[in-house]
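One letter stands for each residue in the lines below.
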Amino acid sequence: GWRRRALIAVLAVPPAVMSIYMGLYQIRAIESVWDPVFGAQTLAVLDSNVSHAIRDLFRIPDAFLGAMIYIADIVLAVVGSQQRWYQKPWLVILFALAIVPGAVVSLFLVVMQATVVQAWCFLCLLTALFSVILVILAYPEVRASIGYLGSVWARFHAAMPVWKAAWGHEIHG
């Protein structure tokens, strides 16, 4: 419903802002990053070999990649009607493809902080927590869409009706 999706959109704003803030440090637009818990360890995380490897791979600081994902979460949370789970399952699946990998990557980066970097970043941990919350909140709608497409498959045992249903076409027969 709208209430849950609005909550997702609202809850994706703080980690988007935090990610932009950290990304500004990574491009040296600002000199430091505030961390009330781990202090200078945050800079060690944001300047780590892990962070540089991600930047080399994607040609953009990892914090800005995170911001892009959170902004996509916001946009994908607010588009479509309350019935998009069956009217536009493709949109819900796209929503899941933004939220779930974002959370997986966030958790991976937390593990990397502990094991490789051996330093902690409070804002990074906070954004990871938000990512997990977003997945939990998005789960019912994603489950409903996948369940709907599964029921179309169970009814027809053919890919074309599922494909058409995913794009919002009425399925008869």
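Just so you know, these numbers come straight off a predicted model, no measurement behind them.

### Re the packing of aromatic side chains
Aromatic ring pairs are defined here through the distance separating the ring centres and the angle between the ring planes. By the definition in use, this model includes six aromatic pairs. Relative to Y148, the ring of Y86 lies with its centre 6.2 Å away and its plane at 65°, an arrangement referred to as edge-to-face. Highlighted residues: Y86 in helix α5 (residues 84-87) and Y148 in helix α7 (residues 122-156), separated in sequence by 62 residues. Aromatic rings pair up to connect W85, Y86 and Y148 into one cluster. Directly above the ring of W2 sits R5, whose terminal nitrogen or CZ lies 4.4 Å from the centroid. The lysine or arginine in question, R84, covers the ring of F95, its NZ or CZ lying 4.9 Å from the ring centre.

### A short note on a nonpolar patch on the surface
A cluster of nonpolar side chains, I20, L24, I27, I71 and V75, forms an exposed patch at the surface whose accessible area comes to about 370 Å². For V75, the position within the fold is in helix α4 (residues 62-78). We classify V75 as partly exposed; its relative accessible area is 44%.

### Looking at the environment of V104
Within the secondary structure, V104 is located in helix α6 (residues 89-117). When the C-alpha atoms of V104 and S131 are compared, they prove to be 8.4 Å apart, with 27 residues separating the residues in sequence.

### Points about α7
Owing to its 3.6 residues per turn, the α-helix aligns residues three or four sequence positions apart on the same side. Counted at 1.5 Å a residue, the expected span for α7 with its 35 residues is 51 Å, and the 50 Å between its end C-alpha atoms agrees. Bending of α7 peaks at approximately 45° at the position of Y139, with proline P140 no more than four residues after it. Backbone geometry just downstream of α7 places H157 in the positive-phi region, at approximately 50°.

Parameters at a glance
Residues numbered from 1 in each chain as written. Predicted model: local features only at pLDDT ≥ 70, side-chain atom pairs only at ≥ 80, totals over all residues. Heavy atoms only, no water. Phe/Tyr/Trp six-rings, centres within 6.5 Å; stacked < 30°, edge-to-face > 60°. Helix = DSSP H or I, 4+ residues; strand = E, 2+ residues; numbered from the N terminus. Lys NZ or Arg CZ within 6 Å of the ring centre and 35° of its normal. Patch = residues over 30% accessible without salt bridge, like charges linked within 9 Å, V, L, I, M, F, W, Y side chains within 5 Å. Areas by Shrake-Rupley, 256 points an atom, 1.4 Å probe, with all protein chains shown as cover. Salt bridge = Lys/Arg side-chain N within 4 Å of Asp/Glu carboxyl O. Buried < 20%, exposed > 50% of the residue type's maximum accessible area, 1.4 Å probe, protein only. Expected span 1.5 Å × (residues − 1). Bend = angle between axes of the 7 residues up to and from the residue.

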